[in-house]
Every structure is written in C-alpha cells, then in structure tokens.
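# Examination of the molecular architecture
Residues per chain are reported as follows:
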Amino acid sequence: MSDARSSSSSDADFASIATTQQNGGRSPISDDGSQTMSPARTPEPSRHWRDVFWLGIFTVHLIGLAFVLSVLGINRFKKADRLNIDRYTNRILENQAGLTETYWPLYAVAGGVGTVLGWVWLSLLGSRANQMMKVSVHILTTYLAVISVLCFWGEQIFWGIAFAIGAGLQFLYVVSVIDRLPFSMLVLQKAVKMVWSLPEVMRVAYAFTVIMLLWMVIWSFGAAGVVASSMGDGGRWWLLVVLSVSLFWTGAVLCNTVHVIVSGMVFLVLIHGGREAASMPPKPLTKSLRYAVTTSFGSICYGSLFTAAIRTLRWEIRGFRSKIGNNECLLCCVDFLFHLVETLVRFFNKYAYVQIAVYGKSFNRSARDAWELFQSTGVEALIAYDCSGAVLLMGTILGGLVTGTCSGTWAWFKASDRVIMVGSTAMLMGMILVGLAMVVVESAVTSIYICYAEDPLLINRWDAEFFNQMSEALHQRLQHRSARAREVLTHNRFNSISV
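The structure reproduced in this document is the subject of the present report. These numbers come from a predicted model, not from an experiment. (Residues numbered from 1 in each chain as written. Predicted model: local features only at pLDDT ≥ 70, side-chain atom pairs only at ≥ 80, totals over all residues. Heavy atoms only, no water.)

Counting its regular elements, the protein chain contains 19 helices and zero strands. Within the protein chain, counting contacts between residues at least 6 apart in sequence, those at least 24 apart form 79% of the total. Put simply, the protein chain shows about 22100 Å² of open surface, and 65% of that area lies on carbon and sulfur atoms. (Helix = DSSP H or I, 4+ residues; strand = E, 2+ residues; numbered from the N terminus. Contact = heavy atoms within 4.5 Å. Areas by Shrake-Rupley, 256 points an atom, 1.4 Å probe, with all protein chains shown as cover.)

A word on the packing of aromatic side chains. The relative placement of two aromatic rings is captured by the distance of their centres and the angle of their planes. This model, assessed by the stated rule, comprises 24 aromatic pairs. Pairing Phe158 with Trp159 gives two aromatic rings, centres 5.4 Å apart and planes at 85°, and the pair type is edge-to-face. Members of the aromatic cluster, connected to one another through ring pairs, are Phe53, Trp54, Tyr302, Phe306, Phe348, Tyr353 and Phe363. A cation over a ring is seen here: Lys193 above Trp462, with NZ or CZ 5.3 Å from the ring centre. (Phe/Tyr/Trp six-rings, centres within 6.5 Å; stacked < 30°, edge-to-face > 60°. Lys NZ or Arg CZ within 6 Å of the ring centre and 35° of its normal.)

Scanning the model with the defined rule gives six salt bridges in all. Among the ionic pairs, Arg365 bridges to Asp369, the shortest N-O distance being 3.2 Å. Linking Arg365 with Asp369, this pair stays in helix α14 (residues 363-377), spanning four residues, or about one helical turn. Residues Asp417 and Arg418 are paired through a salt bridge, measuring 2.4 Å at the closest nitrogen-oxygen approach. Residue classification places Asp417 among the exposed residues on the basis of a relative accessible area of 53%. Linked by salt bridges that have partners in common, Lys190, Lys193 and Asp463 make up one network. (Salt bridge = Lys/Arg side-chain N within 4 Å of Asp/Glu carboxyl O. Buried < 20%, exposed > 50% of the residue type's maximum accessible area, 1.4 Å probe, protein only.)

By themselves these figures say nothing about function.
Listed below in structure tokens is the structure:
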C-alpha cells in the first residue's frame, strides 16, 4: 500500500510489518505457526505527519476553550459578575445568579467517582471482568428505568421520557443480541487475558485518566460558572451543550490515543508470539506512545469526531433490523439506513486505529484498508456478529449514570433547580473517565480481529483453543449469510414469476 510505504516506522519491526502488508497482506508465518519475520533491524525514515489540519483544529479549539472556560468560571468566583459579563446578557436574565464555588464541588464529586469507578474496573479486569460485563448488560436497563421514575417524581417530564426511551431501547437491543452474547463474552475474556499480561498498558490508562482529570478541573470550573450565571435556563443549556460537545471530543481523543498506544503494543505481541519473545523490539510501548502523540495525533483527532456516533448507530440499526420480521415497508426504510451507515463505517471505524498504530497511515486510508481486509477475508461477518464493543459501551454508560446520580443527589439538597444541569454534565464526565478504562480492552479486541484477518495463525499460536472457536464461529456466520442470500434470491424469483 502506497500509504504504508510513505509512512514506515523508525522501528524496524513496525517497518517489516508494513512491508509484509505491501507484499500481500499476510505476515510471513510458517506452517507450524512460528514467526519467520526477519529480526534484522535497519534504519528507516521517520513517519509522516497525518491529518495535520485536524490536529490544528483540535489544538486551537482546546486553547480557545480553555480561555472561555477560565473567563466563565472567574466571572462568578467568590464575587458575582466579577468581569462585568452580565451586561451582555441583560436581555435574557431570568434567574438569580449564584457563585462558581457553589457548583464546582459537585463536579469534583463527579471526577472523583468516575475516576474510582474506572480504576476499580481496571483493577478487577483479571479476576471479575466477566461478571462485571454481565452486570453492565443486565443492570443498565433497570438503572435507566429507575432514573426515569425519579425524573418524573421530580417533575422533570422531558428527562423522564428521555430515560424511559433509553431504557426501552436498551432492553430491545439486549433482546435482539442475546444469542450473540456468549461469543462476545468469549472475545472480551481473551482481550482481558491479553491486556492483563501487559501491565504497562494498564499504567498508560491510569496516566491518561490523570491527564483527563486535569482537563476536567478547568472544564468543570467553566461549567460551574455557567450553571451559576444569571442567564435563563435556555441560555445556560445552550452553553452547556456546546461545552459538553467539546468535552466529548476531548475525551474521545484521549480514549483513542490510548486505543492507538495499546493497539500497537498488542499487535506487536501477537506478531512476535509473546511479550518476552527475543524478537520483540526494545521499548515498544515508548515508540507506540511517541507515534500516537506526534505523527498520528491528527488522525486520532479526526477519527474521534465521528467514529463513536456512527458505531453506536450501527449497533442499534443491526439489532433492530434482525427483529423486524416480514414488514416489508419498515424493512425497506431500515435497509436504507443500514446501507447508509455501512457506507459511513467504511470510512469511520475503530479498526482504523490499529492500522494507524502499526502503519502510520491517515485515518480514512486506515479505515478503508481495515474494512477491505475484513471483507476480503470474510472476517467482517464475524465482526458484525460480535457485540463486544456494545457491551463495553453499556459499562461506560452505567459508570456515567452512577457518577451523574452521585452528583445529582448532592445537587438536589444544595440547589434543587440545578439538578438536571449538574447531573447530566456529571454523567458525561463519568462516562469519559470510565471509558478510558474500557478502551484498553476494546483496543485488544480490535487488534485480535486485525491479526486474525492478517493471518489466523497468529491467533492460533497465541491461543489455539480460541483460534478454533473463532474459526468455527466464522464458518457458521458465513454459512448463515449464504443461506440468507439464497433465501432472498429465491424470494425475488418467486415474486417475479408471480407478477
């Protein structure tokens, strides 16, 4: 691939992997599963910077937002309208103003609870991961329903309806994928096994959680200033929505940076046959970290804007599509959305981050290459069947809900008219912090699928039993697709004869 040629790593092992990709898309593995990659290391040119425009946009956005947040927070810190900003909002004054320090501690609770939940989840990966994932799947619906009831009780009708709809969608999704959960749990267990054997990647997650917390100190300071401002509810909500979108993008960038770092590390471990293999390059984590925060950071910023939303929409449509039945009108509409989302997935998918980590390509090129690799090998059928990413997302949402509940409960006693504002933004903070823990496992999952598509023997050498289970599942999914295709073809022929 030309992009791989122009972006070979300074590390020879990354470079040799890229060369292998150019020469046929498979790693040179012998019949017995042993690695035949040449250990020779030769100097290679540095990687090229990718998606620099988006790197600039993200940097400018971060600097500008930090200034705005500081102004919003300082304006209400210890003195109302310290910077005399209220004169610009005198036409939308509706409520009595508060002070930043009134609400800032509520966000401190959100940061603390979210951090504790994320770190506890990471610490329990090795021994209780399967149970925690099952809890995430089965408890989330109940939790959403309970919050919905509490919102109705507090006369927050809009939010009560919103959480009730969320509970209903979650229940329908779990019902639609209940048969896929055993395989998804198997994949997650193996991913946990992989990351648990790499303690350095766990430390990366801890470090990035601290970095996220530092940014949240500034963000929550400005958000507290907005909540305390003298603007009406409409003005405050609009400002909080803008700030929340910014926080989501920043959190996604940090999560995907961890994704790239961990993916590069896991890919190397699978390629070389183990962390302690003699052919493993020195300080692989350091190299992966350097690439992620320099040459590939623009690609991470770009992909973080769209990937999460498109991926979530794809899960929901797939689950709904499988339960429609014979309603042809509804099926036609859903199929249109399905094919539209599938087209977007070709350009925005989480597997791009593995290609970015290993080959240093741009985001769109990485996403296309990963998807073409899956489609050419048939592994896309297995990925479509797997819902491990959705299970991890459920855990992330549950962590965010717990965080939002803790902050919202305190806000109820401190300032009952600000409960929803504080609770919803605290929930977002909790989701990001817990998501930083979840992304470690998700990175291992994506790397496993990329390696299986590149050369299944890499997985066979790492875990022969898991390789057999994946191969059997892939065979079943391909047979299922063939049967459905024949059924559709037969149905169309029958309709044409009838007409």
